[in-house]
Amino acid sequence: MIHSAALVLLLGFELCYYLLIVQTGVAEHYNSDLQTLFPMFIGGILGTVLGGFSWGGISKPIHKIIVALCLQLALSFSYPDYNIVTLALLGLSVGIMAPLGIYLFKAKQQRELLFALAIAYTIGTYFFTYDANNRVYMAVLFSLIALLSAFALRDYRVETDSKEVSHPYLQYLPLMIWIFLDSNLFETLSRHSDIDIWSEYTFTIIIFHLLGLLGAYFINISKTKKHILIAALFIGSYALSYLEWAFALAMLYPFTISYYNVVVFTTLSKEASMLKLAFMMIFVGWIASGLGLAVALSGVLH
């Protein structure tokens, strides 16, 4: 029971940190300038790779997580004013957390995953419009909660027999596509003054995030049908964004985000190889989202 609650809080508030501090905090503070943010991107990739290897005497995933969260907490006190070194270190700490946080979950712990995502999407949506330059207390609080949760899990052992055998690399391609499409649409909408869904429909977005999580939990269909459904949801979301139907978009897009992220996390949590998971997180996480951001800034798709 304690381990389940700690897992929920660890992943939930680390995702809050990523959403409100990294993705919409630091990025917004530096106006999504890719050149300025490049050290954080490189640090993230290096951290993700580092998370997949043994650190000598520190080999357990939870012990690596504690080290990464201590670094993240220390850096949070400097938010949002970072230099090239501290941006790289921030990326490093978040990058280490990316594969390790997912690896902690057993393949069948979907209920804990849903609660963690519910925390992240509720808090992330509610504070989305809060001034990005005044989130230092969020950065510290989220890091502290995640760190205390990690300490509660210090004796936790991942049951590797609950993991599946390694997936072929090709099976991760759809996950990259969904994250790319999400990153591109999210950044586009964040910069679109005529479709300000987060400030106008905050509670509608929260409700449909939660409905998306419930849909992913209760809709029992094959893996292929799940990806077909996600494709249809993204087509609908993009169509509504082009039509600028804000209220409909505030319902469909959050549902899409929640639904596809459950599929992504569940698929990744079944990966038996820690090293392969870290390798795939470089593409599924950093590269796919980075390309989505770059395309959004270029205005090619919108």
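Keep in mind that this is a model prediction, so the values were computed, not measured. (Residues numbered from 1 in each chain as written. Predicted model: local features only at pLDDT ≥ 70, side-chain atom pairs only at ≥ 80, totals over all residues. Heavy atoms only, no water.)

1. Things to note about the overall build of the protein
(1) Moving on: Within the protein one finds 12 helices and 0 strands.
(2) Moving on: Dimensions of the protein along its principal axes, counting C-alpha atoms only, are 55 × 45 × 35 Å.
(3) Moving on: The burial tally for the protein puts 53% of its 302 residues in the buried class.
(4) Moving on: Relative to all contacts within the protein whose residues are 6 or more apart in sequence, the contacts with residues 24 or more apart total 86%.
(5) Moving on: Counting only carbon and sulfur atoms, one obtains 68% of the accessible surface of the protein, whose full area is about 13300 Å².
(6) Moving on: Taking the 15 positively charged and 17 negatively charged side chains of the protein as two groups, their mean positions are separated by 16 Å. (Helix = DSSP H or I, 4+ residues; strand = E, 2+ residues; numbered from the N terminus. Buried < 20%, exposed > 50% of the residue type's maximum accessible area, 1.4 Å probe, protein only. Contact = heavy atoms within 4.5 Å. Areas by Shrake-Rupley, 256 points an atom, 1.4 Å probe, with all protein chains shown as cover. Lys, Arg positive; Asp, Glu negative; His and termini not counted. Charge placed at Lys NZ, Arg CZ, Asp CG, Glu CD.)

2. Overview of unusual backbone geometry
Excluding glycine, residues mostly have negative phi values, and the peptide bonds linking residues are mostly trans.
(1) Moving on: Of note, the amide linkage connecting Y79 to P80 takes the cis form, showing an omega dihedral of 0°.
(2) Moving on: Within the secondary structure, P80 is located in the loop between α3 (61–76) and α4 (84–103).
(3) Moving on: Residues other than glycine seldom take positive phi values, yet E244 does so here, at roughly 60°.
(4) Moving on: Within the secondary structure layout, E244 lies in the loop between α10 (223–243) and α11 (246–269).
(5) Moving on: Relative accessible area serves as the criterion here: at 39%, E244 is assigned to the partly exposed category.

3. Brief notes about the nonpolar core
(1) Moving on: Core analysis: the biggest nonpolar cluster contains 97 residues, and L10, V26, I65, I197 and L268 have the highest contact counts within it.
(2) Moving on: Broken down by element, the residue count for this core peaks at 14 residues, all from helix α1 (residues 2–29).
(3) Moving on: Apart from the residues within four sequence positions on either side, I65 is in contact with L10, M97, L100, G101, L104 and A150. (Core = buried A, V, L, I, M, F, W, Y, C linked by side-chain atoms within 4.5 Å.)

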